[in-house]
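# Understanding the architecture of this molecule
Chain residues, written in single-letter form:
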Amino acid sequence: MPVFGTVLFIGFASPANALVRLLSARFFVGVGLISYALYLWHYPIFAFGRMFTWHPGLSEKALWIVLTVGLALSSYWLVEKPLRNRRRVSWRTYFAVTGGAHGVILLANGAWILGGGYPDRADYVHRLIKDSQHVDLMQDGRRCHSGGLNQPYFNVDDSCEFTHFPDASYLMLVGDSHAGNLAHSAYRLARESGLNFIQVTQAGCSHLLYQTQGGLCRSRAKRLRQLLKKHPNSTIVYSARLPLYLEMVGFDGGEGFCEAGYPAAWAEEVAEHQPVVRQSILSTVQGWLDSGHNVVLVYPVPEQGFHASYMLAHQRPPILEEADLPLLSTSMAVFKARTASSYAALDELQGQNLSRVYPEKLFCREATGRYLVTEGERLYFLVDNHVARLGAEMIMSEVSKVLGLEVPPEGRL
């Protein structure tokens, strides 16, 4: 519509028209001459400006506009006009300048891509985030956690199995990505305790058997039963995002941060679905206990509804040193309400060979009614509801205590 309106205006313009005379004034013509330069320059200026000032005021915006106009005038007179003057600039010079500029851009972009964005360029906070990320457990160059963003899925039969001690029993980590984030710490605990280790985790897969679960998840749950028969008297560490499976909705912290990608289900659907999942939790875990396995239940971790890594990386003004780090936290009251159904199901399980670990106790501050997400350089979470490396070590330290195992040196906090 703007283009069509412009065509009509130009087509029917008359010198006698007052609006035509106004728009023909030198000021407006001048703005028109530099309009494309204004359009190009405003992008990097306003983008980088907002990177340094999260909520710019009038003074900042005025400065950006002045800078945009100044650069647009400079590029018009120094670049556009000379290159349009064929008498002053030969075709050879024209192609040399434009070709050289394109070559520099292509080389620079190629170097950035091959260098993975050069993460080392990224000052203090980016190095802190990188050093705090959880470590994927690998075997023979293959990631032991099934699925996830742009990652391959595989069945339980292809799970990573580490048999370092032929006559020893197994520590088996079971669950979804919440368990997957514990894998490296769990493997280290098993090895230093003289136990073999198996990782049975997949993104978004609870490994519980219930009717509404289909596809690869149901297949994995069935194959897990066969795997457990091969390894009697194993110790199973179970961790999964049960609040999501029971409540059928993403996390809303009630403080402006709401998890995307999980629309709320109808109340009738939740009422019908929740008892099925609850019964599946009870029957699946009770089956493990009745088969002689030791089970450690890792209760739900606090959820955030935001990525701590993003919050830190985009803090304004930028974080330059430890003193600039914010204290990120989430509501204890919201967590209690969110996990009530999960706690009720897990609390119903009983058995002499059953142990429980409560991650919330590691991150709570009763005095403020908050759960810590980060605390100075101690980053407990990085990506939404998933623990960072430190958070995983803290949880596995608690697991080692309830099992009476020696805490690995890295997990002594």
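First things first, this report covers the structure right here in the doc. (Residues numbered from 1 in each chain as written. Predicted model: local features only at pLDDT ≥ 70, side-chain atom pairs only at ≥ 80, totals over all residues. Heavy atoms only, no water.)

In this section: the overall build of the protein chain. When you go through the protein chain residue by residue, the secondary structure sums to 16 helices and 15 strands. Here the C-alpha atoms of the protein chain give a radius of gyration of 30 Å, more than 25% beyond the 22 Å that 2.2 N^0.38 yields for 413 residues. Along the longest, intermediate and shortest principal axes, the C-alpha atoms of the protein chain span 95 × 50 × 45 Å. When each of the 413 residues of the protein chain is scored for burial, the buried share is 41%. A separation of at least 24 residues holds for 71% of the contacts in the protein chain among residues at least 6 apart in sequence. If you sum the accessible surface of the protein chain, you get close to 23000 Å²; carbon and sulfur atoms cover 60% of it. The protein chain carries 37 positive and 36 negative side-chain charges, and their two centres are separated by 12 Å. (Helix = DSSP H or I, 4+ residues; strand = E, 2+ residues; numbered from the N terminus. Rg over C-alpha atoms; globule rule 2.2 N^0.38 Å. Buried < 20%, exposed > 50% of the residue type's maximum accessible area, 1.4 Å probe, protein only. Contact = heavy atoms within 4.5 Å. Areas by Shrake-Rupley, 256 points an atom, 1.4 Å probe, with all protein chains shown as cover. Lys, Arg positive; Asp, Glu negative; His and termini not counted. Charge placed at Lys NZ, Arg CZ, Asp CG, Glu CD.)

In the structure shown here, the tally under the stated rule is one disulfide. The disulfide partner of Cys-144 is Cys-160, and the gap between their sulfur atoms is 2.1 Å. The sign of the -95 degrees torsion about the S-S bond sets the Cys-144-Cys-160 disulfide as left-handed. On the criterion of sequence distance, the pair formed by Cys-144 in the loop between β2 (142-143) and β3 (160-162) and Cys-160 in strand β3 is long-range, its members being 16 residues apart. (Disulfide = S-S within 2.5 Å.)

Moving on to helix α9 (residues 183-192). Each turn of an α-helix holds 3.6 residues, which means side chains three or four residues apart point in the same direction. With seven of ten residues buried, α9 lies mostly within the body of the structure. The complete set of buried residues in α9 reads Ala-183, Ser-185, Ala-186, Tyr-187, Arg-188, Leu-189 and Ala-190. Directly beyond the C-terminal end of α9, a positive phi value near 75 degrees is found at Gly-194.

The next thing to look at is the packing of aromatic side chains. In this structure the tally under the stated criterion is 20 aromatic pairs. Where Phe-162 meets Phe-197, the ring centres are 6.3 Å apart and the plane angle is 35 degrees; that geometry is what we call tilted. Of the two residues, Phe-162 is situated in strand β3 and Phe-197 in strand β5 (residues 196-201); the sequence distance between them amounts to 35 residues. By way of ring pairs, the aromatic residues Tyr-299, Phe-335, Tyr-343, Tyr-358 and Tyr-371 are connected into one cluster. The ring of Phe-154 has Arg-142 lying over it, and the distance from NZ or CZ to the ring centre is 4.8 Å. (Phe/Tyr/Trp six-rings, centres within 6.5 Å; stacked < 30°, edge-to-face > 60°. Lys NZ or Arg CZ within 6 Å of the ring centre and 35° of its normal.)

On to the sheet that holds strand β9 (residues 354-357), then. One open sheet accounts for six strands, arranged β3-β5-β4-β6-β7-β9; its pairing is mixed. Whereas interior strands pair on both sides, the edge strands pair on one side only; in this sheet they are β3 and β9. Strand after strand, the sheet turns through a mean of 15 degrees between neighbouring axes, direction not considered. Across four bridges, the pairing between strand β7 (residues 294-298) and β9 is parallel. Paired with Leu-297 across the bridge in β9 is Arg-356. Strands in contact with α9 are β3, β4 (170-175) and β5; relative to β5, the strand with the most contacts, it is inclined by about 160 degrees. (Pairing = 2+ DSSP bridges. Axes fitted to C-alpha atoms, helices over the stretch in contact; angles between N-to-C directions.)

Here we come to the environment of Leu-58. Positionally, Leu-58 belongs in helix α5 (residues 58-84). When the C-alpha atoms of Leu-58 and Gly-32 are compared, they prove to be 25 Å apart, with 26 residues separating the residues in sequence.

Shape is all these values report; function is a separate question.
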